[in-house]
Structure formats: structure tokens, C-alpha cells
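# Observations on the three-dimensional arrangement
Now for the letters of each chain:
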Amino acid sequence: MSSFKDAVKSGMNEYLVDLKTKLEGLTEAEIYWHATLGSNSIAWLVWHMARVEDGWINSTIAGGESVWDSGNWAERTGVTHENGDFGETADEAPSLPVVDVGVLIDYYDAVRAAAFEVIDDMTDEDLSQSFTRGNRSVTWSWILGHVLVEEAQHLGQVGFIRGMIRGLNG
């Protein structure tokens, strides 16, 4: 295996393991708690994190259908957001229906398995392939780095919200 694959997969494993740890012991009320009317819940962040990884790696890089679509996860979760969670307004984001967090993690695990297959099939040369989104062109290398950064930021938000609810050692 090449070192870029090891590095990317190591980072992805670290944030998913840490996310699952941060979810341990939380009640449904805590998972769906909003600090303010326009803020996101932990549940929304978990869903969004999985959708980000799925969209960038399984759809954009792989060039196919997302795990969300191929696995009928909208039906399985009852989440019917039409725009796929990208660019939601402050009113739309908190409107995630109540979904068992275990189901969201099942989706995330399916996303991860597919994403690792995509990464395992990539070559060093693939990193320079580009994708145009709107008026911006990005490389596969940028996408992988972006996924790591965005997921780490959202993981921090989950930890912060948990700390707001449970305190420093909660």
C-alpha cells in the first residue's frame, strides 16, 4: 500500500473511532439537543459527516452513486432533505427527523467501507485528477485532504456539544 493511502485511511479511522466514543452513553435527548434554535444537533453532525465523506469519495471520486442513494438510506432513516445537506439554511439544518444514532452509524460504516475500496483502488497518479464543482476545479488530492479537515472540524463540534451537555469529564 502507498503511504498516501495509509495516511488518509489512518486519519479517517481516527475520526470515526473518536466519533463513536463521543456518542457513547448519550441519550436521544442529548443527541438531538440544540444549543440555540438555529444550531445543529449531534445527530445532524453525524449524518452530515457521513454524507460529506460519501459525497466526496463515493460519488465524486468514484464517479458513481452515493452509498446514501444505492443503499436507500433516505427511506431507511426517514431523512428526506432534497439538497443532500450541502448548503442548508439555518432553518433547514436542525430539522433532521429523529433517527436512531445507531442507524446513522450503520450508514457511516457503509460509507466508510465503500470509501476505503475507492481509496484502495487509487494510484498516486489519480491524486492529480481534477473535478470541477461550480466554477472551481479541485484535485482528488485536495478532496481527500478536505474530507479529513472537514470531518475533524465536525468531530470537534460534536465534542464541544457533548461538553456543553455533560461538562468537562462527561
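The rules we used
Residues numbered from 1 in each chain as written. Predicted model: local features only at pLDDT ≥ 70, side-chain atom pairs only at ≥ 80, totals over all residues. Heavy atoms only, no water. Helix = DSSP H or I, 4+ residues; strand = E, 2+ residues; numbered from the N terminus. Rg over C-alpha atoms; globule rule 2.2 N^0.38 Å. Buried < 20%, exposed > 50% of the residue type's maximum accessible area, 1.4 Å probe, protein only. Areas by Shrake-Rupley, 256 points an atom, 1.4 Å probe, with all protein chains shown as cover. Lys, Arg positive; Asp, Glu negative; His and termini not counted. Charge placed at Lys NZ, Arg CZ, Asp CG, Glu CD. Salt bridge = Lys/Arg side-chain N within 4 Å of Asp/Glu carboxyl O. Core = buried A, V, L, I, M, F, W, Y, C linked by side-chain atoms within 4.5 Å.

### Some remarks on the overall build of the chain
- Counting its regular elements, the chain contains 7 helices and 2 strands.
- What you see in the chain, going N to C, is helices and strands ordered as α-α-α-α-α-α-β-β-α.
- Against the 2.2 N^0.38 benchmark of 15 Å for 170 residues, the chain shows a C-alpha radius of gyration of 16 Å, consistent with a compact globule.
- On the principal axes, the C-alpha backbone points of the chain span a range of 45 × 35 × 30 Å.
- The burial tally for the chain puts 45% of its 170 residues in the buried class.
- For the chain, the accessible area works out to roughly 8,500 Å², and carbon and sulfur atoms hold 51% of it.
- Counting 11 positive and 27 negative side-chain charges, the chain places the centres of these two groups 4 Å from one another.

### With respect to the pattern of salt bridges
- Tallied over the full model, the rule gives 5 salt bridges.
- Among the salt bridges present, the one from Asp18 reaches Lys22, with a minimum N-O distance of 3.2 Å. With Asp18 and Lys22 both in helix 1 (residues 3-23) and 4 residues apart, the pair spans about one turn of that helix.
- Taking the shortest distance from any N to any O, the salt bridge between Arg112 and Glu53 comes out at 2.8 Å. Here Arg112 is found in helix 6 (residues 101-121), whereas its partner Glu53 is found in helix 3 (residues 42-61), with 59 residues between them in sequence.

### A closer look at the nonpolar core
- The biggest cluster of nonpolar side chains holds 48 residues, and the ones touching the most others in it are Met12, Leu19, Leu23, Ile57, Ile119, Met122 and Leu144.
- Of all the secondary structure elements, the ones that give two or more residues to this core are helix 1, helix 3, helix 4 (67-70), helix 6 and helix 7 (140-166).
- Broken down by element, this core gets its largest block of residues, 12 residues, from helix 3.

### A closer look at unusual backbone geometry
- Unlike most non-glycine residues, Asn72 shows phi in positive territory, near 55°.
- Here Asn72 lies in the loop between helix 4 and helix 5 (73-77).
- Given the relative accessible area of 46%, Asn72 is considered partly exposed.

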